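Examining the three-dimensional arrangement
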Amino acid sequence: MKILLIQPDYPRRESTPRELENRLLPSYSLILLAQILKQTGHEAMVLDGFSNWVLTGKGSENDLSLGLGRLLHQEKFDLVGISVYSPLRKEALNLARMVKEQCPGAKIVLGGPHPTRLWQNMLKANTGLVDFILLGGADESLPALLETVARRGSLQEIPGLAWVNDQGEITANSRPVINVNLSKQSPVRLDHYLSAIGEKELHRAYLVTTRGCRFPCNFCSQLWKKAVFHPKERAILEARHFIEELEVSELVFYDDCLGLDPRHSADIFSAMAGFKRKARLVGISHIQLLNPLWLDPFKAAGGEAIFLGIESGNLKLRRKMNKHLEDKEICSAVERLRRMGFKLGIYTMVGYPSEEIEQLSSTYRLLLKIAPEQVIATVYDIKPGDMMIEWGIKSLMLSENDYQNPDRRIVNYMSEAELEEAAGMADFFESSFNSRKLLKDHDPAWWLLGMDPARREQAREKAERALAKCQN
Ligand code: SF4
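Cut-offs and rules
Residues numbered from 1 in each chain as written. Predicted model: local features only at pLDDT ≥ 70, side-chain atom pairs only at ≥ 80, totals over all residues. Heavy atoms only, no water. Helix = DSSP H or I, 4+ residues; strand = E, 2+ residues; numbered from the N terminus. Rg over C-alpha atoms; globule rule 2.2 N^0.38 Å. Buried < 20%, exposed > 50% of the residue type's maximum accessible area, 1.4 Å probe, protein only. Contact = heavy atoms within 4.5 Å. Lys, Arg positive; Asp, Glu negative; His and termini not counted. Charge placed at Lys NZ, Arg CZ, Asp CG, Glu CD. Axes fitted to C-alpha atoms, helices over the stretch in contact; angles between N-to-C directions. Parallel < 35°, antiparallel > 145°, perpendicular 65-115°, else oblique. Nonpolar A, V, L, I, M, F, W, Y, C, P; charged D, E, K, R; others polar. Left-handed = near helix turned anticlockwise from the far one by under 90°. Domains from an automatic or database assignment. Buried area = accessible area lost by both parts, 1.4 Å probe. Pairing = 2+ DSSP bridges. Expected span 1.5 Å × (residues − 1). Arc of directions from axis to C-beta.

**Let's talk about the overall build of the protein chain**
A count of helical and extended segments in the protein chain gives 19 helices and 17 strands. Scaling as 2.2 N^0.38, a compact globule of 472 residues should have a C-alpha radius of gyration of about 23 Å, and the protein chain matches this with 22 Å. Its C-alpha atoms put the protein chain at 70 × 55 × 40 Å along the principal axes. Considering the protein chain as a whole, with its 472 residues, one finds that 56% of them fall into the buried category. For the protein chain, the proportion of contacts with a sequence separation of at least 24, taken over those separated by at least 6, is 75%. The distance from the centre of the 61 positive side-chain charges to the centre of the 61 negative ones in the protein chain is 3 Å.

As structure tokens, this is what we get:
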């Protein structure tokens, strides 16, 4: 069968093509899925921000509907799989509509944390558009679905499949699939992905060495709620492919938390330290996982920066988030990383329920102490898959239908004015700590909300004034 896998992205415009390229990374997870499909005898292609940029002429604007239009003009697909991330559900459904119009025979399959939690709502609202939803990991269920469709077998055999059955009932065969056998998967390589779009060069890439995380932060929508580890040999081969063969200059380890098993990370980075060529490495970890056992080899392999989530400078608020970090733990972790020569990126959040300006002021003071090279400040967002959506629905503060408004990029309890205020505070944090762009592919809240320069400036100044008043 001929399959197209799509990772939707926002329409983007930058001042130069190079600036745009910096924001686009090939989708590791869909390239892996395409590879699995190829090994089971299918033809599979990936359309993501980067491949769309190449396919549409490497300009300074990017819009996946243009690349998809070209592909649908040239080829017919039997099935199109679309990964849905909550803020991008509008783009995901628009691309699905394009497929149904221009290639009506293609089955549309959705996956990702958003439809995994809201499968009933999405199938009901998009009857006739969405054929199937795969709950949890699609590594095994997507090949099983293709095989079953090809032999006209029973859909009930496929774990994690949700669909509208012949009686018109919305049904799912099981809970989301989280136990995927990662040891059977071969290392991700980009040869096929790049040759399909006629590209040879890649400057930046990312990979993961684990899936999931064992920490219980209640605002986090990671599907797995536990960590599963890629075989070390696979991670090393992937890193070698990116660094020595494709010669990327920057490789991001987008694990939820690097160092969950320090020996696993240490073995991967020790092997990488012996590579003939080095790339600038950036990793995402956790204050409680900063073990020299893996940090030393990470540094030796080219590790330049570590990102850590502190979310708030206020201990009580962190406890409410189920993020149990003591102030002294944060300080000693930062000192340790600085002594080792790492640059620091810090994740914070603005607008967690009950957060007061005094607590935001504590966050700002803590950031001043840490002096990170980059801050990524998100606005609190209730994403399908996190615990907060369940509490919000139970307390009637939120309903599943709130996610049907595709223009609401950030779903929470705030009014439009409050959202802009929170985006202004996040913008103030980010602009105050921005001496080095360690992660280039972050989309700030003001940009997601489509705030024009004047509204952005106004909101940021308001945040600055509120903090100054609080500090006095
Ligand atoms: S926010 Fe980070 S540490 Fe917390 S559960 Fe999510 S991935 Fe784990």
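**Considering the packing of helix 15 (residues 357–370) against helix 19 (residues 453–471)**
Direction vectors running N to C along helix 15 and helix 19 enclose 90°, while the axes themselves pass 9 Å from each other. Between helix 15 and helix 19, the interaxial angle falls into the category roughly perpendicular. Contact with helix 15, carried on its side by I357, E358, L360, S361, Y364 and R365, involves A466, L467, C470 and Q471 of helix 19 and no other residues of that element. Here the residues of the contact of helix 15 with helix 19 sort into six nonpolar, two polar and two charged.

**With respect to the packing of helix 11 (residues 262–273) against helix 12 (residues 292–300)**
A packed helix pair is summarised by two numbers, namely the angle formed by the two axes and the spacing between the axes. Axis separation between helix 11 and helix 12 bottoms out at 8 Å; the angle between their running directions is 20°. As judged from the angle between their axes, helix 11 and helix 12 are roughly parallel. Crossing of helix 11 against helix 12: the hand is left-handed. Judged by residue contacts, P262, R263, S265, A266, F269, S270 and A273 of helix 11 engage L293, W294, P297, F298 and A300 from helix 12. Residues that form the contact of helix 11 with helix 12 fall into these classes: nine nonpolar, two polar and one charged.

**A few points about the domain arrangement of the protein chain**
Domain boundaries in the protein chain define domain 1 (2–172) and domain 2 (191–471). Here domain 1 and domain 2 have C-alpha centroids that lie 25 Å from each other. Contact residues are listed per partner, giving 41 residues for domain 1 and 46 residues for domain 2. Summing the contributions of domain 1 and of domain 2, the shared interface buries around 3,700 Å²; its carbon and sulfur component is 56%. When the area that domain 1 buries against domain 2 is broken down by residue, the three leading residues are L25, Y28 and R117, summing to 21%.

**A few points about the sheet that holds strand 16 (residues 343–350)**
In space, the six strands of this open sheet follow the order 10-13-14-15-16-17, with parallel pairing throughout. Of all strands in the sheet, those bounded by a partner on one side alone are strand 10 (204–207) and strand 17 (374–379). On average, adjacent strands in this sheet sit at an angle of 20° to one another, irrespective of strand direction. The pairing of strand 10 with strand 13 (residues 250–253) spans four bridges and is parallel. For Y206, the partnering residue across the bridge sits in strand 13 and is V252. Packed onto the sheet, helix 17 (residues 416–432) meets strand 16 and strand 17 and runs at close to 170° relative to strand 17.

**Thoughts on helix 19**
Over its 19 residues, helix 19 runs 27 Å from end to end, which matches the ideal 27 Å to within 8%, given 1.5 Å per residue. Buried residues of helix 19: A459, R460, A463 and L467, and no others. Projected onto a plane normal to the axis of helix 19, the buried residues spread over an arc of 95° and lie on a single side. In helix 19, the exposed residues that point more than 90 degrees away from the buried face are A454, Q458, R465 and K469. Check the buried side of helix 19 and you find it contacts helix 15 and helix 17.

**Notes on the sheet that holds strand 6 (residues 107–111)**
Strand pairing in a sheet is mediated by backbone hydrogen bonds. Such pairs are either parallel or antiparallel. Judged by pairing direction, the sheet is mixed, and its seven strands sit side by side in the order 3-1-5-6-7-8-9 without closing on themselves. Of all strands in the sheet, those with a lone pairing partner are strand 3 (43–47) and strand 9 (170–172), marking the two edges. Looking at each pair of strands side by side, their axes are set apart by 20° on average, direction ignored. Those strands touched by helix 4 (residues 64–74) are strand 1 (2–6) and strand 3, and its axis lies near 155° from that of strand 3.

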